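A look at the structure
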Amino acid sequence: MKFKKANNNKNNNDSHSRSLVKNIALILLLFFVMASVFSLFEDPNAKKVEDITLTELAVRISEEKVKEIVIEGDNLDIELKDGVKERSLKEKDTSLPETLRNLGVSEEKINKVNISVKRESEFSKLMGSLLPFLIPLLFLGLILWMMLGQAQKANVSAMSFGRSTARLLKPGEKKRRTTFKDVAGVKEAKEELEEIIDFLKNPKKFTDMGARVPRGVLLLGPPGCGKTLLAKAVAGEADVPFFNVSGSEFVEMFVGVGASRVRDLFKNAKKNAPSILFIDEIDAVGRHRGTGMGGGHDEREQTLNQILVEMDGFDTTTNVIVMAATNRPDVLDPALLRPGRFDRRIVLDNPDIGDREAILNIHIKSKPMAKNADIRRVAERTPGFSGADLANLVNEAAIKATRDGKKVVSQEDILASIEKVMLGPERKSHILSEKEKKIAAYHEAGHALVGHILPHCDPVQKVSIISRGKAAGYTLSLPIEDKHLHSRSEFVDDLAMFLGGYAAEKMVFNDLTTGASNDLERAAKLAHQLVTKFGMSEKLGPITFGNRTETIFLGKEFHEQRYSEKVAAEIDVEIEKFITDACQTAEKVLTENRGKLDKIAEALIKKETIEREEFEKLMG
Ligand code: ADP
Ligand code: MG
Ligand code: ZN
């Protein structure tokens, strides 16, 4: 897709520096011209005439070789009898004959030379006295002139500051255009947007029915689920001017710029109606006003106010649709969400297995794939991946294939890249000692065994003691199908699995290592959620205790953490109960299946990585 910058600040800067270079070149050129002009004044026939000293002149006169001397200022032009011309300088305040006499030339000889005085030329006299003043003056003038020019340009860019920086995609720009075909899944969102596009194309059809054209469409969804992509696809489909701007572009160093840019943007959009105006990442400006926390930001508030004003300012006939995208709908100002503004809300979700397959298929299109590539299987292995993760996955696989010198991307490349995307790159260089290897093996075996035995855990896909990213080893267990609901028994079993590594270390080595700290953290977080968010504690019952972790940053929710000290203590007790129960479950499973635990650990020490099939064979 080709965007044209309506007003390009960067370009301005470019031309700035370009003209500076031009100025300097100009000055250098002037310098050269001036220098050559001076050298011209200085000695017009320098090459032909030789300089001699006064003493030499005196000798020549004594030898009666000199025919004529012309005095011009202090210059002496000498002509010898044999026609040769020479040059010399006389002393400043004495006359030439006197000088010659002092040098011992006899009166008689001097009289024989034809001495004449020529008037100095007016021009060279004038130049001689003026130039010393003129040069610095000229120089100063030049510098001043340059500085003025710069200041003027700075002024101009300050004036264009308030203009919107939106990029405009004109209809008819067909090249590299994104369409709905490039967006997989998100079926409902596409349907909804198609309706909007229809509005833009045939507004009359709807207004005849008395329907009001929707004003704003808000795309909501987690990062990387394709909001920006979808908006671009709408631009490609609608075939109307599409203004694209990011929320952060409103915010500048100077207060008031954002509001002015909003005004400019809406003015442009209205001028080009029917048109679409897309504000990406609107949470950058659309936050709750007046919470005062997280740095009260006047500029942001003004910008938001201006957006609200502009959206109200559309009359019913204006055919401009405002789209916006955010992954933080919870922080948006309620005023943005009321009818007449962003009244259409389209929720995008991370893709399910079918959508993942479709997204993968879109992204492998441009890459040579091996015949054995089984995209369905990849989709099965990637629950929770966003569209962006999947795009990244395919790219990583292509990079890996290239690095390995292959011609096509194979299934193994993709599968190997899944873990890289999830956990970071393998750290094969990170060599464990025998002892550490044994501990890591038992730790991971503990996770895997508990996960295998407990009925509500997801099946184990892979166990490895090769460190990846921050993890020293990892046990991958993935659901067979996507899950949208999670039950209490699943959570309880998951908790036990988190603690399986800890319990195994304690049981086998009767000691603990730092390797379990991440597991403990995750367990504590999950237990906390069970009690305070999901209402899954028996004692406290179905109450949530508002405590969102981002609270302080957002300000508003900060005050929602309101429960008494007594309840806080009860929550702690309940969390502890979940954890100790889970720990006991894990220990029980491991003691009862000690033989299997040893088997897995041994296999891990030997092979470092066990895949699902092998693991299941081991378990019988
Ligand atoms: P966000 O929701 O954060 O704006 P983007 O729209 O920028 O996410 O998506 C990032 C990238 O992920 C896209 O450029 C695209 O390559 C890929 N992607 C995301 N969702 C999809 C999808 N539904 N179909 C195809 N590609 C997708
Ligand atoms: Mg985006
Ligand atoms: Zn662990």
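Above this text is the structure in question.
**A closer look at the overall build of the protein chain**
- Within the protein chain, the secondary structure is distributed over 23 helices and 15 strands.
- A sequence separation of at least 24 residues applies to 74% of the contacts in the protein chain between residues at least 6 apart.
- Looking at the protein chain as shown, the accessible area adds up to about 34200 Å², and 55% of this sits on carbon and sulfur atoms.

**Let's talk about the packing of aromatic side chains**
- Using the criterion set out here, one finds four aromatic pairs in the structure.
- When the ring of Tyr 442 is compared with that of Phe 509, the centres are 5.8 Å apart and the planes differ by 85°; the resulting orientation is edge-to-face. Here Tyr 442 is found in helix 16 (residues 434–453), whereas its partner Phe 509 is found in helix 18 (residues 500–509), with 67 residues between them in sequence.

**Some remarks on the sheet that holds strand 14 (residues 474–477)**
- Spatially, three strands are ordered 14-13-15 in an open sheet, and the strand pairing comes out antiparallel. Two strands close off the open sheet at either side, each with one partner strand: strand 14 and strand 15 (609–611). Geometrically, the sheet is characterised by an average inter-axis angle of 10° between neighbouring strands, direction not taken into account.
- Sheet analysis places strand 13 (residues 460–464) next to strand 14, joined by four bridges and oriented antiparallel. Across the sheet, the residue bridging to Ser 464 is Tyr 474, located in strand 14.
- Most of the contacts of helix 23 (residues 612–619) go to strand 15, to which it runs at about 85°, and overall it touches strand 13 and strand 15.

**Topic: the pattern of salt bridges**
- Taken as a whole and assessed by the stated rule, the structure comprises 28 salt bridges.
- Between Lys 437 and Glu 608 there is a salt bridge, with the nearest N and O atoms lying 3.4 Å from each other. Note that Lys 437 is positioned in helix 16 and Glu 608 in the loop between helix 22 (594–607) and strand 15, a separation of 171 residues in sequence.
- For Lys 437, a relative accessible area of 17% corresponds to the buried category.
- Since its relative accessible area comes to 28%, Glu 608 is described here as partly exposed.
- The shortest N-O distance in the salt bridge between Glu 587 and Lys 506 comes to 3.5 Å.

**Topic: the environment of Ala 416**
- Positionally, Ala 416 belongs in helix 15 (residues 411–423).
- As a C-alpha pair, Ala 416 and Ala 397 span 19 residues in sequence and 7.7 Å in three-dimensional space.
- Leaving out residues up to four positions away in the same chain, Ala 416 has contacts with Lys 400 and Arg 468.

**Considerations on the coordination of the zinc ion (ligand 3)**
- On the protein side, the zinc ion (ligand 3) has His 443 (NE2), His 447 (NE2) and Asp 519 (OD) as donor atoms, found 2.0 to 2.1 Å from it.
- Motif for the zinc ion (ligand 3), donor spacing along one chain: H-x3-H-x71-D. Residue His 447 is found in helix 16, and its partner Asp 519 is found in helix 19 (residues 517–532); the two are separated by 72 residues along the sequence.
- Here Asp 519 falls in the buried class, since its relative accessible area comes to 9%.

**Quick look at the sheet that holds strand 6 (residues 114–118)**
- Read across the sheet, five strands follow the order 2-5-4-3-6 without closing on themselves; strand pairing throughout is mixed. Bordering the open sheet on either side are strand 2 (50–51) and strand 6, each of which pairs with just one other strand.
- Taken together, the six bridges between strand 3 (residues 66–72) and strand 4 (residues 75–80) define a ladder with antiparallel strand orientation. Opposite Val 66, over in strand 4, you have Leu 80 as the bridge partner.
- Docked against the sheet, helix 2 (residues 54–62) engages strand 3, strand 4 and strand 5 (85–89), running at close to 145° with respect to strand 3.

**What to know about the pairing of strand 13**
- Counting buried positions over the five residues of strand 13 gives five, a clear majority of the element.
- As paired elements, strand 13 and strand 15 share three bridges and run antiparallel to each other. Along strand 15, the bridge assignment pairs Val 463 with Ile 610.

**Notes on the site of ligand 1**
- As a structural note, the neighbourhood of ligand 1 is formed by 15 residues, with Ala 184, Gly 224, Lys 227, Thr 228 and Leu 229 the closest of them.
- Contacts to ligand 1 include Ala 184, whose backbone N or O atom sits 2.8 Å from a nitrogen atom.
- Between ligand 1 and the protein, one listed contact pairs an oxygen atom with a backbone N or O atom of Gly 226 at 3.1 Å.
- Protein contacts shield 80% of the accessible area of ligand 1, which totals 560 Å² for the unbound molecule.
- Every element with two or more residues in the shell around ligand 1 is listed here: helix 8 (227–238), helix 12 (353–364) and helix 14 (387–403).

**Some thoughts on the packing of helix 6 (residues 187–201) against helix 8**
- With their axes 10 Å apart at the nearest point, helix 6 and helix 8 run at an angle of 35° to one another. For the pair helix 6 and helix 8, the crossing hand works out as right-handed. Between helix 6, through Ala 189, Lys 190, Leu 193, Ile 197 and Lys 201, and helix 8, the contact on the second element is made entirely by Leu 230, Val 234, Glu 237 and Ala 238.
- Looking at the contact of helix 6 with helix 8, its residues break down into six nonpolar, no polar and three charged.

**Observations regarding a nonpolar patch on the surface**
- A contiguous nonpolar patch, built from Phe 31, Phe 139, Ile 143 and Met 147 and spanning about 400 Å² of accessible area, is present on the exposed surface.
- Element by element, the count of residues in the nonpolar patch is highest for helix 5 (residues 122–159), at three residues.
- Following the sequence through the fold, Phe 139 ends up in helix 5.

**Some remarks on the nonpolar core**
- Ranked by internal contacts, the top residues of the largest apolar core, which has 47 residues, are Val 450, Leu 495, Ile 600 and Phe 615.
- Of all the secondary-structure elements, those providing two or more residues to this core are helix 16, strand 13, helix 17 (488–498), helix 18, helix 19, helix 21 (565–592), helix 22 and helix 23.
- Per-element tally for this core: the top contributor is helix 21, with nine residues.
- With residues near it in sequence (within four places) discarded, Leu 495 still touches Ala 523, Leu 526, Ala 527, Leu 530, Phe 578 and Ala 582.
- Core analysis: the next-biggest nonpolar cluster, separate from the first, contains 30 residues, Val 186, Leu 219, Phe 278 and Leu 348 among them.

Criteria and thresholds
- Residues numbered from 1 in each chain as written.
- Chains lettered and ligands numbered in written order.
- Predicted model: local features only at pLDDT ≥ 70, side-chain atom pairs only at ≥ 80, totals over all residues.
- Heavy atoms only, no water.
- Helix = DSSP H or I, 4+ residues; strand = E, 2+ residues; numbered from the N terminus.
- Contact = heavy atoms within 4.5 Å.
- Areas by Shrake-Rupley, 256 points an atom, 1.4 Å probe, with all protein chains shown as cover.
- Phe/Tyr/Trp six-rings, centres within 6.5 Å; stacked < 30°, edge-to-face > 60°.
- Pairing = 2+ DSSP bridges.
- Axes fitted to C-alpha atoms, helices over the stretch in contact; angles between N-to-C directions.
- Salt bridge = Lys/Arg side-chain N within 4 Å of Asp/Glu carboxyl O.
- Buried < 20%, exposed > 50% of the residue type's maximum accessible area, 1.4 Å probe, protein only.
- Donors = N, O, S within 2.8 Å, 3.2 Å for Na, K, Ca; no water.
- Near = heavy atom within 4 Å.
- Polar contact = N/O pair within 3.5 Å; in protein donor to acceptor, adjacent residues only side chain to side chain.
- Left-handed = near helix turned anticlockwise from the far one by under 90°.
- Nonpolar A, V, L, I, M, F, W, Y, C, P; charged D, E, K, R; others polar.
- Patch = residues over 30% accessible without salt bridge, like charges linked within 9 Å, V, L, I, M, F, W, Y side chains within 5 Å.
- Core = buried A, V, L, I, M, F, W, Y, C linked by side-chain atoms within 4.5 Å.

No statement about biological role is implied by the geometric values presented.
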